[in-house]
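# An overview of the molecular structure
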Amino acid sequence: NIAKNCNIELPAGYSSVLDSFSVMNDIISIFKPACAGFAGFESDLITKAFIPVFLLLVAVTLKGVSFIVTKGTGKVKYHMDSNRLTNIFMSLMFTFFNAIVNLSLVLF
């Protein structure tokens, strides 16, 4: 959490509220990367840096699958609109914006 890493005195109740949102700063912590041997700073930084790339790959794959299904079935209702897919991707990026900012601040 960015606020807890700062050198400021936080109220007692505020600290517990920030702990409940800690997953937003480190989404990869859900998967416990230390168990897979990715416990160092360098590997942690690399895995965090590739989360946006992974989300982009998922979005492009979904667009490709919808294109194949549309061509295979001939039904236009299965076509995924590129604007909506871009909106979904950017909404996910905005959701985890705190993690991206935290990652950039760790570098300096």
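See the structure shown above.
None of the values given here were measured: they were computed from a predicted structure.

### Regarding the overall build of the chain
- Of regular secondary structure, the chain possesses 6 helices and 0 strands.
- Helices and strands in the chain line up, N terminus first, as α-α-α-α-α-α.
- At a minimum sequence separation of 6, the contacts of the chain that also span at least 24 residues come to 49%.
- Just so you have it, the chain exposes about 8,200 Å², and 70% of that area is on carbon and sulfur atoms.

### Structural notes on the packing of helix α4 (residues 51-73) against helix α5 (residues 82-95)
- Orientation of α4 relative to α5, taken along the N-to-C sense of each, is 160°, at an axis distance of 10 Å. What the angle tells us is that α4 and α5 run roughly antiparallel. Crossing of α4 over α5 shows right-handed handedness. Residues P52, L55, L56, A59 and K63 of α4 lie in contact with α5, whose contacting residues are S82, L85, F89, L92 and M93.
- Tallied by class, the residues present in the contact of α4 with α5 amount to 8 nonpolar, 1 polar and 1 charged.

### Re the nonpolar core
- Ranked by size, the top nonpolar core spans 5 residues in total: L55, A59, L85, F89 and M93.
- Of all the secondary structure elements, the ones that give two or more residues to this core are α4 and α5.
- Ranked by residues supplied to this core, first place goes to α5 with 3 residues.
- Setting aside residues no more than four positions away along its own chain, L85 makes contact with A59, K63 and M80.

### Section: the side chain of S66
- Relative to the helices and strands, S66 resides in helix α4.
- At 2.9 Å, the side chain of S66 and the backbone oxygen of K63 are in polar contact.
- Each residue touching S66, except ones within four places of it in the same chain, is listed here: Y78 and M80.

### Overview of α5
- Taking 1.5 Å per residue as the helical rise, α5 with its 14 residues ought to reach 20 Å, and the 20 Å between its terminal C-alpha atoms agrees with that figure.
- When we look at burial in α5, the residues that qualify are L85, F89 and M93. Down the axis of α5, the smallest arc covering the buried residues is 80°, so these residues share one side. More than 90 degrees from the buried face of α5, the exposed residues found are N83, R84, I88 and F94.

Thresholds applied
- Residues numbered from 1 in each chain as written.
- Predicted model: local features only at pLDDT ≥ 70, side-chain atom pairs only at ≥ 80, totals over all residues.
- Heavy atoms only, no water.
- Helix = DSSP H or I, 4+ residues; strand = E, 2+ residues; numbered from the N terminus.
- Contact = heavy atoms within 4.5 Å.
- Areas by Shrake-Rupley, 256 points an atom, 1.4 Å probe, with all protein chains shown as cover.
- Axes fitted to C-alpha atoms, helices over the stretch in contact; angles between N-to-C directions.
- Parallel < 35°, antiparallel > 145°, perpendicular 65-115°, else oblique.
- Left-handed = near helix turned anticlockwise from the far one by under 90°.
- Nonpolar A, V, L, I, M, F, W, Y, C, P; charged D, E, K, R; others polar.
- Core = buried A, V, L, I, M, F, W, Y, C linked by side-chain atoms within 4.5 Å.
- Buried < 20%, exposed > 50% of the residue type's maximum accessible area, 1.4 Å probe, protein only.
- Polar contact = N/O pair within 3.5 Å; in protein donor to acceptor, adjacent residues only side chain to side chain.
- Expected span 1.5 Å × (residues − 1).
- Arc of directions from axis to C-beta.

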